[in-house]
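The chain contents come next:
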Amino acid sequence: MAEDKLHIRLHVYDTDISVNVPREDEEFYRRAAKLISETINTYANAFKGRKSDKDLMYMALIDIALRYEKELSRNDTTPFSDILGKLTLEIEDALKK
């Protein structure tokens, strides 16, 4: 069965983009477009007349990617999984005795 797609138009900074998105992800796409526009506008206001639109977009891209990477590192569950594995072994050993 084909995935339920929705055709939407997103306004990103100074451009309208038509995209087909999964219906359940529509709000995420709209929020992403808003985040991109707001981030570029922040840099545009800070560097008015001193940076090209291309530079502003790259700056926004780096900003958003940095936020994403920081969030990923905060959500790294590997250390917890390692500790839980060790504790499980210790509990199992203690129960055998």
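See the structure printed just above.
Participant: I'd like a rundown of the packing of aromatic side chains, residues and numbers included.
Facilitator: Inspection of the entire model under this criterion finds one aromatic pair. Between Tyr-43 and Phe-47, the ring centres sit 6.4 Å apart and the planes meet at 10 degrees, which makes this aromatic pair stacked. Taking the ring centre of Phe-47 as reference, the NZ or CZ of Lys-51 above it sits at 5.9 Å.

Participant: Outline the environment of His-7, listing residues and values.
Facilitator: With respect to the element layout, His-7 can be found in strand E1 (residues 5-12). On the basis of relative accessibility, which here comes to 53%, the residue His-7 falls in the exposed class. In sequence terms His-7 and Asn-75 are 68 residues apart; their C-alpha atoms lie 32 Å from each other. In this structure, His-7 is in contact with Ser-18, Val-19 and Asn-20, ignoring residues within four places of it in sequence.

What counts as what
- Residues numbered from 1 in each chain as written.
- Predicted model: local features only at pLDDT ≥ 70, side-chain atom pairs only at ≥ 80, totals over all residues.
- Heavy atoms only, no water.
- Phe/Tyr/Trp six-rings, centres within 6.5 Å; stacked < 30°, edge-to-face > 60°.
- Lys NZ or Arg CZ within 6 Å of the ring centre and 35° of its normal.
- Helix = DSSP H or I, 4+ residues; strand = E, 2+ residues; numbered from the N terminus.
- Buried < 20%, exposed > 50% of the residue type's maximum accessible area, 1.4 Å probe, protein only.
- Contact = heavy atoms within 4.5 Å.

By themselves, these observations are geometric and do not establish any function.
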